[in-house]
Protein chains: 6
Amino acid sequence: MSGQSNSVQFEEMAWPEIKNRIGSSAVFVPAGSIEQHGPHLPVSTDLVIAEELSIEVARHTDGLVAPPLNYGYRSQPQSGGGQSFTGTINLRGETYQNLAKDVLSELVADGAEHIVIIPGHGENEFFLREAVDLHLDEGGEGTFMIANWWDLLSEPTLESIYQDIPGGFPGWNAEHAGIIETSLMQHFSPEMVDNGEIIDDEAPRAPPYVLKPTPSDFIADSGTYYKATFATPEIGRRVSEDVVDQLTDAVRTEFDVNF
Amino acid sequence: MSGQSNSVQFEEMAWPEIKNRIGSSAVFVPAGSIEQHGPHLPVSTDLVIAEELSIEVARHTDGLVAPPLNYGYRSQPQSGGGQSFTGTINLRGETYQNLAKDVLSELVADGAEHIVIIPGHGENEFFLREAVDLHLDEGGEGTFMIANWWDLLSEPTLESIYQDIPGGFPGWNAEHAGIIETSLMQHFSPEMVDNGEIIDDEAPRAPPYVLKPTPSDFIADSGTYYKATFATPEIGRRVSEDVVDQLTDAVRTEFDVNF
Amino acid sequence: MSGQSNSVQFEEMAWPEIKNRIGSSAVFVPAGSIEQHGPHLPVSTDLVIAEELSIEVARHTDGLVAPPLNYGYRSQPQSGGGQSFTGTINLRGETYQNLAKDVLSELVADGAEHIVIIPGHGENEFFLREAVDLHLDEGGEGTFMIANWWDLLSEPTLESIYQDIPGGFPGWNAEHAGIIETSLMQHFSPEMVDNGEIIDDEAPRAPPYVLKPTPSDFIADSGTYYKATFATPEIGRRVSEDVVDQLTDAVRTEFDVNF
Amino acid sequence: MSGQSNSVQFEEMAWPEIKNRIGSSAVFVPAGSIEQHGPHLPVSTDLVIAEELSIEVARHTDGLVAPPLNYGYRSQPQSGGGQSFTGTINLRGETYQNLAKDVLSELVADGAEHIVIIPGHGENEFFLREAVDLHLDEGGEGTFMIANWWDLLSEPTLESIYQDIPGGFPGWNAEHAGIIETSLMQHFSPEMVDNGEIIDDEAPRAPPYVLKPTPSDFIADSGTYYKATFATPEIGRRVSEDVVDQLTDAVRTEFDVNF
Amino acid sequence: MSGQSNSVQFEEMAWPEIKNRIGSSAVFVPAGSIEQHGPHLPVSTDLVIAEELSIEVARHTDGLVAPPLNYGYRSQPQSGGGQSFTGTINLRGETYQNLAKDVLSELVADGAEHIVIIPGHGENEFFLREAVDLHLDEGGEGTFMIANWWDLLSEPTLESIYQDIPGGFPGWNAEHAGIIETSLMQHFSPEMVDNGEIIDDEAPRAPPYVLKPTPSDFIADSGTYYKATFATPEIGRRVSEDVVDQLTDAVRTEFDVNF
Amino acid sequence: MSGQSNSVQFEEMAWPEIKNRIGSSAVFVPAGSIEQHGPHLPVSTDLVIAEELSIEVARHTDGLVAPPLNYGYRSQPQSGGGQSFTGTINLRGETYQNLAKDVLSELVADGAEHIVIIPGHGENEFFLREAVDLHLDEGGEGTFMIANWWDLLSEPTLESIYQDIPGGFPGWNAEHAGIIETSLMQHFSPEMVDNGEIIDDEAPRAPPYVLKPTPSDFIADSGTYYKATFATPEIGRRVSEDVVDQLTDAVRTEFDVNF
């Protein structure tokens, strides 16, 4: 199986190779979404970022990357546009948590002991927590980390990125298709970024509560919620490296795996 | 959005492009699996085949390819090995049909009128039918084709492939990781095929009924259920071309789309 | 309880008799449907056939027949007419698999170790597999055979029946209310067959894919999908005997029961 | 279709006959159970009684009888023995209400407007109510009567039966496999009653609350909860006639059907 | 924690106090409803009665009272008015049983061994039984009593209340917002009773079957189903004392707790 | 109904009063939890705070307060202690969202047009969003605000509270049973606060990811996650007034109700 030996991706491996590696490795599960990300980024933005970070950290930790949860939990209008935009494909909560639970339980049945779920979409988090709890409720084994990359990003890196940007860091809800996501895509998949379409935009109103059905002035018309024009591939590289470092440390600290 | 203009894949598009194209195009949904396919093929074999055929027929019909249902319904031991093999990740029936239903309903909400589901995994079929029926039960719109590629393959092509193989065509249940799947993978993704691991194998017993828990002699030890050594990239090419022709005709016959 | 001693049917027994017999016997579960079968056969055709075969094989194997799953999974339009016909009563997938699972789990709780499910309706199969898997997922005991009678019918018998029929064997999908089902009903329950209504019919189109909503020309107007006029009670008797022989052998081979 | 013309049972009819009759008839749905009924009655007692009463009242009202819900909601230990007895097959609440709901919705889709559900098992009632409500919640049409035969039985008939029995009427919970159920079975299906096994029995304790897990002294050892030895076929005939009269009146009063 | 020492209510305690007491105490779970109770009683009537009785019996048995299931299963039109009245909030069956099951399972996980569920609403009962069975099906521990207060009320007390009332006891279905519920509320929460609105009323028709959708003449216009004008606080006191005595005895008889 | 005229609580009203008021009022739904809150606060802390704020804002806006969702979604160990503490009662995600959905749908069926859900427990939020979406998916009417009180609290008030506290504001996750929740309880329900048990505590580790099963050093031993000793009733009053002002403004801005 020499042809597959440099890969970290489950999808490219035959069963004997997975069998050899799964017990002693951390297994990373990218949890993306299919959600509008402005006119300049593909609807798979959250998926691409979660997969690329997973692959990178798997390389650092001698881990495996499971096939992604490519679709995500419902996009929320006030942070991601929701169903106002064509191209967003929402899973309901029950669907999403059962999907995640089945995949996690099967990984454990296959011998995985240390599983790291990497959401690329904020809305996924609570339903992923529920999926893990459902697995554990049934007496399931394994240890599960859920690590939002934006929560892992170190404070100094975040500050250094935003220090020269007028208005500063607007909070992660407004970072949708903004500086950091655009930068990460320019770093990981520049061919999928349409630089000519990058604009600065925001929702006319952003109150501290949720309203459903959501008024149109709570949503950015373009689907871009902040100043994407400040994005650069270099910012993307820095964010990626910082997050991968933090994740590598987290795996080393919490799990009994060798790398 | 010129950078995305040659693609047929939803995942690579920003929302405005999807909005422009979705109403007038057939939308193809690959329905793969993560399932052992012998020591020579990756666990994503069903997924790769479904995606590649979807992309090809989308190119012929000016269609779109939605992000795949990458995980599939439970692998059945007597045709695919089931949970005896590490690397197979099974979704339960309810999970799978809800996943498919949510995705199909959302595509329709986004304007899709003509949807073609392309399973790469036989076990998916009845739960995909159920997903469509659940959508229609709720008053959902759209027209849905479910087209197993193996059912589309023309009789003459199948016969020409098997005419020189001792034993002849063993039925599709035994074609798991066999001649045709191996040939398709050699055609589509030769870098994922480990030619040195190709063998001929079969289950010691293959009775005309299902037994669960499944005795080990109903399962091929290697995970290969037939004579994979007869596979060639050329057979893969012929199968692909034939299936794509049949699918293109089916789309033209059944749907009101222009291409 | 001498009055009940010649019966094999659970429904006719009091609890002490079931208690005495259930542990050492194979238990047969007929899985029928309520589905149109043309103007000449009752909507219980699949149910009657599954029950009659179950009773016959139970007599050969000293087994028990549980009360049937009388309603079945959704009739598919291209093979059975679906909801186009009054009198078809469809269960949804989740309903059907939970019903089957509860019944199977309770039989096991009552001491059954060897359970044979006999579908009379092709659409039931995958949801019965799921039901068994759900039972086993929960740590449930028992061994389960799912035996479609049409898959058990021996090749020589099938060939001998069709050898003189113009067009030959059309595949099981087209056998709906056709020669073999009509013959079996003439054999088992002639009083329920309206011989004056028997006709030959077929769907105008029978393409190798599923389309939903289903165009009317994929469906036979009468509900009869093939040449029912060739049916005879004698064919019914031969099919029944052949299937019962095969099932008896299967029980002897796979299960540790004495008869 | 002359051969079927005297029947009232759906199961014996072909689709055209059902189509002709379903819109203008009341449709009766027997809702039985598979539950121990002492050593003298079959486990199908509730089913047989519900079916026989349905057939009889259908004859009086020119109605149709749908295939029964043969399995029932969980037998309760304090009134029916529960899972302490081999031969009782319990459906869970969700399974049972979904089964009933699917059947009712399909009958309505087939044109039924007036549906009478006849439970033979007290435990079914609230889950049948829920099934009807679920159907109506979805905007479903039709009018539904749920008529427990024991609630329909007139006070004078009940009193005349019990006037000479020491201890008098013990309440319906204790009537399990008692005088009235035994009498009804002697009337409807004497070949299924093992008269030599009839005894008088009762649970040692019958407190006015439910306890789960249920202590064994809340359950009658034999499964007979009262004085079955007082049963006669004549009592069965009188109960049946009385209930059928009441049901016929109820149909005439509440539904707009002609007979 | 001296400040909390006289309470029996979980809601008023901090976790260490609950930890100290839960293992050795009976835990009472009031199961109320939010349902119209005529123009003179609040929609929380069933909840208030269930809570007050729980608190009283907990004081007698050194028990704990868990936070109530405040919402209840669907009000039935023929006994409680159903959705004809503003202010009734119905839970569906599946919702209600899952809610109860989660709460019961968590109490057991917290160490409760003896749990008494006190419904204040007749419709709750079967779904509470199902909840307990679901818990036990999963191997859950604990012993559960379900005690409807109206079933506990002793025959002499009931008779003494109704002896002077013209028409006598009409059955519990008609007692909705009637003499006994009104009296209990006058006893427990006189400030929530609007004595000026008390009337005698009834449904024009009360047949011995259920009809859905329910005709308006099966429902009392006022929401009061019987002769509430006969209510007095003194009757409320006697009912409460009698029920609390019976419940205290039941706890002493069935559970191994000291008080 | 003069006796009820000063109340804003649904629970204290008879149906005619609710009918008169529900269409023109905002309806507030407190969404609490039963969760440990250190040794000094009751397990109903989240519930009490949500209810008290709801009542206060209802008084300001001439609104109604529905009976609370008293139990909440699963307590998360890293922010609330989870199942490590006796007295925490967790609902699963599906249970919680169905409960909320049924209640919201019924309020709308009763005529409510403007509904404000006030969570007292952070974990509830995403499952409340899902509940609203499920209601809207079915074509349900009404407008729904979900307003976490901690998100409404104005920045100046938060800063003024924390300006003198060493370490400053630790983020809302660490505010569990901390300064603000303790202060609110001292303001609303001083009799339920055990001042002698107030301590400062924290989890030994608080990493920016979730780990399940959760290591014990991610959890504060006492259940108090921050410096509760700084709490005062005066802080509670200021927080309450500020939040009520913000909520009143939000209702005025978003809803078409008069007050």
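Placed above this text is the structure.
A brief look at the structure comes next. On a predicted model such as this, the values are computed, not experimentally measured, just so you know.

## Overview of the overall build of chain A
Reasoning step 1: In terms of regular secondary structure, chain A is built from nine helices and seven strands.
Reasoning step 2: For a compact globule of 259 residues, the expected C-alpha radius of gyration is about 18 Å, and chain A comes in at 18 Å, within 12% of that figure.
Reasoning step 3: A principal-axis box enclosing the C-alpha atoms of chain A has dimensions of 55 × 35 × 30 Å.
Reasoning step 4: Taking all 259 residues of chain A together, the buried fraction comes to 68%.
Reasoning step 5: Look at the contacts in chain A between residues 6 or more apart in sequence, and 74% of them connect residues 24 or more apart.
Reasoning step 6: In the form shown here, chain A has an accessible surface area of approximately 8,300 Å², with 43% of it arising from carbon and sulfur atoms.
Reasoning step 7: Taken together, the 13 basic and 42 acidic charged side chains of chain A have centroids lying 2 Å from each other.

## A short note on the relation of the copies chain D and chain E
Reasoning step 1: Superposition record for chain D on chain E: RMSD 0.0 Å, screw rotation 180 degrees, translation along axis 0.0 Å. Such a turn and shift between the copies fits a two-fold axis.
Reasoning step 2: In this assembly, 100% of the residues forming the interface of chain D have copies in chain E that are likewise at the interface, indicating an isologous arrangement.

## What to know about the sheet that holds strand 7 (residues 210–212) of chain E
The pairing of strands in a sheet comes from backbone hydrogen bonds and takes either a parallel or an antiparallel form.
Reasoning step 1: Reading across from one edge, 2(D)-1(D)-5(D)-6(D)-7(E) is the order of the five strands in this open sheet, with mixed pairing throughout. Either end of the sheet is taken by a strand with one partner, and the two such strands are strand 2 (64–65) of chain D together with strand 7 of chain E.
Reasoning step 2: Sheet topology places strand 1 (residues 26–31) of chain D next to strand 5 (residues 114–119) of chain D; six bridges connect them, and they run parallel. Looking at the pairing, V27(D) lines up with I115(D) of strand 5 of chain D.
Reasoning step 3: Lying on the sheet, helix 2 (residues 45–61) of chain D is in contact with strand 1, strand 2 and strand 5 of chain D; it crosses strand 1 of chain D at an angle near 170 degrees.

## Thoughts on the interface of chain D and chain E
Reasoning step 1: Taken residue by residue, the interface counts 38 residues in chain D and 38 residues in chain E.
Reasoning step 2: Of all residues in chain D, F126(D), Y209(D) and K212(D) give up the largest surface area on contact with chain E, accounting jointly for 19% of the area buried on that side.
Reasoning step 3: At the surface where chain D touches chain E, the tally comes to 10 salt bridges.
Reasoning step 4: When the shortest N-O distance is used, the salt bridge between R205(E) and E254(D) registers 2.3 Å.
Reasoning step 5: Taken together, the connections running from chain D to chain E amount to 20 residue pairs in polar contact (both at pLDDT 80 or more).
Reasoning step 6: The set of elements that each furnish at least two residues to the side of chain D that touches chain E consists of helix 4 (93–109), helix 5 (125–137), strand 6 (143–146), helix 6 (149–152), strand 7 (210–212) and helix 9 (233–254) of chain D.
Reasoning step 7: If one sorts the elements of the side of chain D that touches chain E by residue count, helix 5 of chain D sits on top with 10 residues.

## As for the interface of chain B and chain A
How big an interface is tends to be stated in terms of accessible area lost as the parts join.
Reasoning step 1: Contacts between the two partners involve 52 residues from chain B, matched on the other side by 52 residues from chain A.
Reasoning step 2: Note on chain B versus chain A: buried area summed over both sides is about 4,200 Å², and carbon and sulfur give 55% of it.
Reasoning step 3: Contact with chain A buries area across many residues of chain B, yet W15(B), T86(B) and E106(B) alone supply 17% of it, more than any other trio.
Reasoning step 4: Here R92(B) makes a salt bridge to D102(A), at a shortest N to O gap of 2.8 Å.
Reasoning step 5: The interface formed by chain B and chain A includes 22 residue pairs in polar contact (both at pLDDT 80 or more).
Reasoning step 6: Broken down by secondary-structure element, the contributors of at least two residues to the side of chain B that touches chain A are helix 1 (15–21), strand 4 (90–91) and helix 4 (93–109) of chain B.
Reasoning step 7: Looking at the side of chain B that touches chain A, the element that brings in the most residues is helix 4 of chain B, giving eight residues.

## Details of the packing of aromatic side chains
Reasoning step 1: Across all of its chains, the model carries 57 aromatic pairs over all chains by this definition.
Reasoning step 2: Between the aromatic rings of Y73(A) and F126(F), the centroid separation amounts to 6.5 Å while the plane-to-plane angle is 70 degrees, which identifies the pairing as edge-to-face. Here F126(F) lies in helix 5 (residues 125–137) and Y73(A) lies in strand 3 (residues 72–73), a pairing that spans two chains.
Reasoning step 3: Centre to centre, the rings of F126(D) and F127(E) are 6.4 Å apart; their planes meet at 85 degrees, and the pair counts as edge-to-face. Here F126(D), found in helix 5, pairs with F127(E), found in helix 5 (residues 125–137), and the two come from separate chains. Accessibility classification places F126(D) together with F127(E) in one group, the buried group.
Reasoning step 4: Of the aromatic side chains, those joined through ring pairs into one cluster are Y73(A), F126(A), F127(A), Y73(F), F126(F) and F127(F).
Reasoning step 5: For R129(A), the ring lying beneath its charged end belongs to F126(A), and the centroid distance is 4.6 Å.

Scoring rules and cut-offs
Residues numbered from 1 in each chain as written. Chains lettered and ligands numbered in written order. Predicted model: local features only at pLDDT ≥ 70, side-chain atom pairs only at ≥ 80, totals over all residues. Heavy atoms only, no water. Helix = DSSP H or I, 4+ residues; strand = E, 2+ residues; numbered from the N terminus. Rg over C-alpha atoms; globule rule 2.2 N^0.38 Å. Buried < 20%, exposed > 50% of the residue type's maximum accessible area, 1.4 Å probe, protein only. Contact = heavy atoms within 4.5 Å. Areas by Shrake-Rupley, 256 points an atom, 1.4 Å probe, with all protein chains shown as cover. Lys, Arg positive; Asp, Glu negative; His and termini not counted. Charge placed at Lys NZ, Arg CZ, Asp CG, Glu CD. Least-squares fit on C-alpha atoms with pLDDT ≥ 70 in both. Pairing = 2+ DSSP bridges. Axes fitted to C-alpha atoms, helices over the stretch in contact; angles between N-to-C directions. Buried area = accessible area lost by both parts, 1.4 Å probe. Salt bridge = Lys/Arg side-chain N within 4 Å of Asp/Glu carboxyl O. Polar contact = N/O pair within 3.5 Å; in protein donor to acceptor, adjacent residues only side chain to side chain. Phe/Tyr/Trp six-rings, centres within 6.5 Å; stacked < 30°, edge-to-face > 60°. Lys NZ or Arg CZ within 6 Å of the ring centre and 35° of its normal.

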